[in-house]
Amino acid sequence: MHRMSLEEAEVLAKAVLNAQGFNQEQTQALSQAVIAGQRDECHSHGLYRLLNCVKTLAAGKVVANAQPEVHDHAPGIVRVDAKGGFSQLAFEAGLPILTAKAREQGIAALAINHCVHFSALWVEIEAITDQGLVALACNPSHAWVAPAGGNRPLLGTNPLAFGWPRPNGQPPFIFDFATSAIARGDIELHHRENKPIPEGWGIDRLGQHSQNPADVLDGALLTFGGHKGSALSIMIELIAGPLIGDLTSAESLAYDDGAGASPYHGELILAMDPERFLGSTLEDYMARAEDLFSSIIAQGARLPSQRRYTARQRTQKEGISIPESLYQELSRLARL
Ligand code: NDP
Ligand code: PYC
């Protein structure tokens with residue numbers, strides 16, 4: 001393993017992105033996302049993702065200097081056209097209007113269109129909960145997942161993330177998961193490390209359960225929770241696809257045309273203002289939410305994101321470590 005401080009990791013990420021041709025703004029937004037992933041030990045969405053950013057650019061499937069365009073679409077809707085760039089800069093461009101609209105009306109939506117997408121959604125959810133708002137986000141990806149009862153890839157790994165702000169400086173309650181049994185990125189990491197995957201993550205090309213990551217990458221992932229994860233995944237295809245005038249996972253994969261690039265589609269993000277919903281009863285009801293969290297922890301259960309927050313505290317002090325082979329690949333791409 002190769003150890004680095006977070007500052008060194010950021011220098012490396014920016015060097016890779018700059019050397020490969022991303023402009024300053026895109027480089028800043030992309031490096032922030034992958035450093036956040038690495039810092040919180042979400043390895044499938046950390047520095048490893050830079051390899052796919054570079055592959056996507058080399059395949060001509062992302063615009064390296066895209067300048068997102070913001071459209072104030074309706075009282076409750078802001079749209080951002082990412083103009084074929086990665087989603088992160090488009091999110092940054094839309095966030096101030098999304099939060100202003102949520103405060104004004106209690107609830108508002110941000111629809112990002114025409115973006116290339118690879119991020120862990122909690123990064124965006126935290127940017128919204130940091131402002132005292134409740135958040136929900138989802139997006140399609142590529143058609144890599146079989147619907148429950150089916151045996152061929154059709155749905156995306158379609159992440160769903162939710163965030164709830166908490167008082168007294170406590171980190172927000174956030175969950176963020178793929179609606180497949182696991183993110184595809186994790187199966188890719190098992191493949192890189194020659195490790196078998198757990199039973200139930202996926203099937204091979206012939207529809208047989210497999211623990212071989214290569215066979216599942218070539219076959220299909222399964223949804224989490226059978227028909228329930230499958231239904232959530234279909235919902236995400238609909239509300240972050242046709243509803244916002246963008247591609248489904250099957251359409252994204254068809255657009256990819258074998259390039260192996262990051263998915264190209266839209267993203268839907270909702271923000272809700274507890275103060276607007278609750279007025280003078282805000283504190284009382286936020287305290288009840290705290291009671292719920294306390295009761296969960298009292299049973300010995302942990303809240304989602306607790307592992308991330310613990311990892312964050314550790315890596316901020318001790319730095320991160322990545323496989324030496326990944327470090328060497330990134331250094332070559334950075335032309336160090
Ligand atoms: P995981 O299954 O690792 O984790 C999902 C969530 O469950 C996390 O919030 C996690 O918190 C929480 N969790 C895990 N174990 C427990 C537990 N025992 N008790 C309570 N909570 C728990 O994630 P996935 O593989 O499904 O997804 C990983 C990432 O991949 C996500 O960030 C997602 O946004 C991203 N992704 C992005 C896609 C895209 O299109 N952009 C597509 C698919 C996935 P904690 O982190 O603290 O463990
Ligand atoms: O890990 O499934 C995944 C994924 C898709 C897009 C970004 N991450």
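What you are looking at is a predicted structure, and each value in this text was computed from that prediction instead of being measured.

S.K.: Go over the sheet that holds strand β10 (residues 264-272) with me, naming the residues and quoting the values.
M.R.: Here seven strands make up an open sheet; going across it, the order is β2-β3-β4-β10-β5-β6-β7 and the pairing mixed. Looking along the sheet, the strands with just one partner apiece sit at the ends: β2 (69-74) and β7 (173-178). Within the sheet, the average angular offset between the axes of one strand and its neighbour, ignoring direction, is 15 degrees. Taken together, the five bridges between β2 and strand β3 (residues 77-81) define a ladder with antiparallel strand orientation. Counted as the bridge partner of His71 is Arg79 from β3.

S.K.: Account for the pattern of salt bridges, naming residues and giving values.
M.R.: When the charged atoms of two side chains with opposite charge come close together, those side chains can pair. Here the structure, examined in full by the defined rule, presents 15 salt bridges. The partner of Lys14 in a salt bridge is Glu10, and the shortest N-O contact between them spans 2.9 Å. One end of the pair is Lys14 and the other is Glu10, both in helix α1 (residues 6-20) and four residues apart, which spans about a single turn. When its relative accessible area of 23% is taken as the criterion, Lys14 is described as partly exposed. A salt bridge links Arg192 to Glu329; the shortest N-O distance between them is 2.8 Å.

S.K.: Go over unusual backbone geometry with me, naming the residues and quoting the values.
M.R.: Residues other than glycine seldom take positive phi values, yet His114 does so here, at roughly 55 degrees. Assignment of secondary structure puts His114 in strand β4 (residues 107-116). With a phi angle near 55 degrees, Asn168 is a residue other than glycine that sits in the positive phi range. Structurally, Asn168 can be placed in the loop between β6 (159-164) and β7. You can call Asn168 exposed: its relative accessible area is 75%.

S.K.: Before we move on, can you summarise the layout of surface pockets with the specific residues and values?
M.R.: Its boundaries defined by the atoms lining it, the largest pocket holds a volume of some 1300 Å³. Only α3 (49-58), β7, α6 (184-192), α9 (249-256) and α12 (306-318) provide two or more residues apiece to the lining of the largest pocket. For the lining of the largest pocket, the class distribution of residues is 21 nonpolar, 17 polar and 11 charged. The residues that make up the lining of the largest pocket include at least three from each of domain 1 (1-58 + 305-336) and domain 2 (66-180 + 223-303).

S.K.: Explain the side chain of Gln26 residue by residue, including any values.
M.R.: Along the chain, the position of Gln26 falls in helix α2 (residues 24-39). Ignoring sequence-local partners within four residues, the contact set of Gln26 consists of Ala64, Asn65, Ala66, Gly85, Phe86 and Leu89.

S.K.: Describe the domain arrangement of the protein chain, listing the residues and the values that go with them.
M.R.: Examined at the domain level, the protein chain breaks down into domain 1 (1-58 + 305-336) and domain 2 (66-180 + 223-303). The straight-line distance from the C-alpha centre of domain 1 to that of domain 2 is 23 Å. Residue-level contacts link 25 residues of domain 1 with 23 residues of domain 2. Note on domain 1 versus domain 2: buried area summed over both sides is about 1900 Å², and carbon and sulfur give 57% of it. When the buried surface of domain 1 facing domain 2 is broken down by residue, Gln26, Thr56 and Tyr309 rank first, second and third, together holding 25% of it. There are two salt bridges connecting domain 1 and domain 2. Measuring nitrogen to oxygen at the nearest pair gives 2.8 Å for the salt bridge that ties Glu126 to Arg312. If you look at where domain 1 meets domain 2, you find 10 residue pairs in polar contact (both at pLDDT 80 or more). Breaking the side of domain 1 that touches domain 2 down by element, the ones donating at least two residues are α2, α3 and α12. Of all the elements, α2 adds the most residues to the side of domain 1 that touches domain 2, at 10 residues. Counted by class, the side of domain 1 that touches domain 2 contains nine nonpolar, eight polar and eight charged residues.

S.K.: Can you tell me about the site of ligand 1, naming the residues and giving the values?
M.R.: In the neighbourhood of ligand 1, 23 residues make up the surrounding shell, with Ser119, Asp176, Ala178, Arg302 and Arg307 lying closest. Contact distances for ligand 1 include 2.8 Å between an oxygen atom and a backbone N or O atom of Ala178. Contact distances for ligand 1 include 2.9 Å between an oxygen atom and a side-chain N or O atom of Arg302. Applying the majority rule of atoms within 2 Å of the grid points places ligand 1 in the largest pocket. Of all the secondary-structure elements, those providing two or more residues to the shell around ligand 1 are β7 and α12. With four residues, β7 is the single largest residue contributor to the shell around ligand 1. Of the residues assigned to the shell around ligand 1, the class counts are 11 nonpolar, eight polar and four charged.

Basis of the calculations
Residues numbered from 1 in each chain as written. Chains lettered and ligands numbered in written order. Predicted model: local features only at pLDDT ≥ 70, side-chain atom pairs only at ≥ 80, totals over all residues. Heavy atoms only, no water. Pairing = 2+ DSSP bridges. Helix = DSSP H or I, 4+ residues; strand = E, 2+ residues; numbered from the N terminus. Axes fitted to C-alpha atoms, helices over the stretch in contact; angles between N-to-C directions. Salt bridge = Lys/Arg side-chain N within 4 Å of Asp/Glu carboxyl O. Buried < 20%, exposed > 50% of the residue type's maximum accessible area, 1.4 Å probe, protein only. 1 Å grid on protein atoms, 1.4 Å probe; cavity = no way out; pocket = protein on both sides within 12 Å on 5 of 7 lines; lining within 4 Å. Points joined across faces, edges and corners; volume = space filled by probe spheres on them. Nonpolar A, V, L, I, M, F, W, Y, C, P; charged D, E, K, R; others polar. Domains from an automatic or database assignment. Contact = heavy atoms within 4.5 Å. Buried area = accessible area lost by both parts, 1.4 Å probe. Polar contact = N/O pair within 3.5 Å; in protein donor to acceptor, adjacent residues only side chain to side chain. Near = heavy atom within 4 Å. Sits in = over half its atoms within 2 Å of the grid points.

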